[in-house]
Amino acid sequence: MKIRGVLFDKDGTLIDFFGLWLEAAQKVIPEFIRRNGFSGCEDLENALYESIGICDGQVDPNGALAYKSFAEIAEDIGRVLEKYSLDFDKKRTEDQMKRMFEKAMQGEDAKIVPLAELGGLFEELKAREICIGLATADTQKSAENCMRKLGVLEYLDYLGADDGRKQPKPAPDMLLDFARQNKIQPAEVLVAGDTRNDMLFAKKAGAKSAGVLSGVSKEKDLREYADFIIPSVEEIPKLLDALEGEI
C-alpha cells in the first residue's frame, strides 16, 4: 500500500536528544531532590537517574527518558522514593517533572538542534502530498514550542503529545488519531523513530516503521522491531522512492 503519511517521533529523530533531554535531566533531578527536601538521602540522586534510564551519563535506549510519558516517569521515580521510605504523590511528582523539564528545555540555553534540514524535508514530503505528523512523549506545550522554534510547526498536519487524554506510545492512539484526522489508513502510515517503543507503536496500529540511528538506539536495538533502518530522517524520501518501486 502506498505511504500517504509520515508520523515522526521528535527527540532523537527530528532533534538531538542528548543536548536537550540529557542536559535537562541533569538539571531536573537535583532540583527535584532539593525542592522536596530529599537532600540528605545518600545515593538518591544516582538511583533517580537510573530510574529514568541514565547511568554514568549514558542513556539507556529502553529507559524511561528515551520514550516514556511524564506520568510513567513519575511512577518509576515513585518506586525509588518508596524504597527510600520517602513521601511520594504520583500526581505531584508528574506535575513537577512536567514543569521542571519544560523550564529546562525552553530556557535560552536549551539546545534544540535539528538532525536534518527539516524545512526542506517537510517541503519535499508536502510536494509528494504526504501528510506529516508528530507523535511524542513530550507535553503538547513543549512540543509545539520546539517545532515553532525550528520554524516547522506550520508543516505539521498533526501534533500528538502528552495531553493527559491519549495513551502514550506504544499504544496506537496517536497513530490512529493521525490517520483518522487526515483521512488515510493506518497501513498507509510510516512511523520514523529512534526507539524500540516507536517500532512497537507502528506495529500495534498496522503501520510501517523506519528506525533511525540518529538517537539513543544502535542498529542492534532496532533490527528485530523495525521494518526498515536508516541513518536519519534525511533518508525518508529515498525510502519512499524504494517503496514506490515495490508497488
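Look a little higher up for the structure.
Residues numbered from 1 in each chain as written. Predicted model: local features only at pLDDT ≥ 70, side-chain atom pairs only at ≥ 80, totals over all residues. Heavy atoms only, no water.

Examining the pattern of salt bridges
At step 1: Summed over the entire model, instances satisfying the criterion amount to 22 salt bridges.
At step 2: Measuring nitrogen to oxygen at the nearest pair gives 3.2 Å for the salt bridge that ties Glu-124 to Arg-128.
At step 3: In this structure Arg-128 comes out as partly exposed when scored by relative accessible area, which is 27%.
At step 4: For Asp-163, the salt bridge is made with Arg-165, and the minimal N-O distance between the two is 3.3 Å.
At step 5: Three or more residues are tied together by salt bridges with common partners; here these are Asp-9, Lys-169 and Asp-198. (Salt bridge = Lys/Arg side-chain N within 4 Å of Asp/Glu carboxyl O. Buried < 20%, exposed > 50% of the residue type's maximum accessible area, 1.4 Å probe, protein only.)

Regarding the packing of helix H1 (residues 17-35) against helix H2 (residues 44-51)
At step 1: The geometry of H1 relative to H2 is characterised by a closest axis approach of 10 Å and an angle of 130° between their N-to-C directions. As far as their axial angle goes, H2 and H1 are oblique. Viewed along their axes, H1 and H2 form a crossing whose handedness is right-handed. Contact residues: Ala-25, Gln-26, Ile-29, Pro-30, Phe-32 and Ile-33 in H1; Leu-44, Glu-45, Leu-48 and Tyr-49 in H2. (Axes fitted to C-alpha atoms, helices over the stretch in contact; angles between N-to-C directions. Helix = DSSP H or I, 4+ residues; strand = E, 2+ residues; numbered from the N terminus. Parallel < 35°, antiparallel > 145°, perpendicular 65-115°, else oblique. Left-handed = near helix turned anticlockwise from the far one by under 90°. Contact = heavy atoms within 4.5 Å.)

A few points about empty space enclosed by the protein
A water-sized probe rolled over the atoms picks out the places where empty space is left.
At step 1: Following the criterion strictly, the structure yields three cavities of 30 Å³ or more and no others.
At step 2: Approximately 150 Å³ is the volume attributed to the largest cavity.
At step 3: Lining the largest cavity are 19 residues, with Asp-11, Leu-65, Ala-66, Tyr-67 and Ala-137 positioned closest to its centre.
At step 4: Looking at the lining of the largest cavity, the elements with two or more residues in it are H1, helix H3 (64-67), helix H4 (70-83), strand E4 (131-139) and helix H9 (196-205).
At step 5: Broken down by class, the residue content of the lining of the largest cavity amounts to eight nonpolar, four polar and seven charged. (1 Å grid on protein atoms, 1.4 Å probe; cavity = no way out; pocket = protein on both sides within 12 Å on 5 of 7 lines; lining within 4 Å. Points joined across faces, edges and corners; volume = space filled by probe spheres on them. Nonpolar A, V, L, I, M, F, W, Y, C, P; charged D, E, K, R; others polar.)

Digging into unusual backbone geometry
At step 1: Look at the link from Lys-169 to Pro-170: it is a cis peptide, with omega at 15°.
At step 2: In this structure, Pro-170 sits in the loop between strand E5 (158-162) and helix H8 (173-181).
At step 3: Although it is not a glycine, Asp-56 sits at a positive phi angle of roughly 55°.
At step 4: Locating Asp-56 in the fold gives a position in the loop between strand E2 (54-55) and strand E3 (58-59).

Structural notes on the packing of aromatic side chains
At step 1: For the structure on display, the rule yields eight aromatic pairs.
At step 2: Taken together, Phe-8, Phe-122 and Tyr-155 form an aromatic cluster joined through their ring pairs. (Phe/Tyr/Trp six-rings, centres within 6.5 Å; stacked < 30°, edge-to-face > 60°.)

Overview of a negative patch on the surface
At step 1: A surface patch of like charges, here negative, comprises Glu-117, Glu-123, Glu-154 and Glu-234.
At step 2: Structurally, Glu-117 is set in the loop between helix H5 (90-106) and helix H6 (118-127). (Patch = residues over 30% accessible without salt bridge, like charges linked within 9 Å, V, L, I, M, F, W, Y side chains within 5 Å. Areas by Shrake-Rupley, 256 points an atom, 1.4 Å probe, with all protein chains shown as cover. Lys, Arg positive; Asp, Glu negative; His and termini not counted. Charge placed at Lys NZ, Arg CZ, Asp CG, Glu CD.)

Quick word on helix H7 (residues 140-149)
At step 1: When we look at burial in H7, the residues that qualify are Ser-142, Ala-143, Asn-145, Cys-146 and Met-147.
At step 2: As for H7, its buried residues are in contact with H5, E4 and E5.
At step 3: The positive-phi residue at the C-terminal boundary of H7 is Gly-151, with phi of around 75°.

A look at the sheet that holds strand E7 (residues 208-212)
At step 1: A sheet is described by the order of its strands in space; here six strands give the open sequence E5-E4-E1-E6-E7-E8, paired in parallel fashion. The sheet is open, and its two edges are formed by E5 and strand E8 (228-230), each paired on a single side. The mean inter-strand angle of the sheet, taken between neighbouring strand axes irrespective of direction, is 20°.
At step 2: Where strand E1 (residues 5-8) meets E4, four bridges bridge the pair, whose relative direction is parallel. Bridge pairing links Leu-7 to Gly-133 in E4. (Pairing = 2+ DSSP bridges.)

Some remarks on the nonpolar core
At step 1: Counting 66 residues, the largest nonpolar core has Phe-8, Phe-101, Phe-122 and Ile-236 as the members making the most contacts within it.
At step 2: Per-element tally for this core: the top contributor is H1, with 10 residues.
At step 3: In terms of nonpolar packing, the next biggest core, distinct from the first, is built from 15 residues, Cys-131, Val-189, Val-191 and Ala-207 among them. (Core = buried A, V, L, I, M, F, W, Y, C linked by side-chain atoms within 4.5 Å.)

Points about H1
At step 1: With 19 residues, H1 should reach 27 Å at 1.5 Å per residue; the first-to-last C-alpha distance of 26 Å fits that figure.
At step 2: The opening residue of H1 is Asp-16, an N-cap whose side-chain oxygen sits 2.7 Å from the backbone nitrogen of Gly-19.
At step 3: Among the residues trailing H1, Gly-37 stands out with phi positive, at a value near 70°. (Expected span 1.5 Å × (residues − 1). Polar contact = N/O pair within 3.5 Å; in protein donor to acceptor, adjacent residues only side chain to side chain.)

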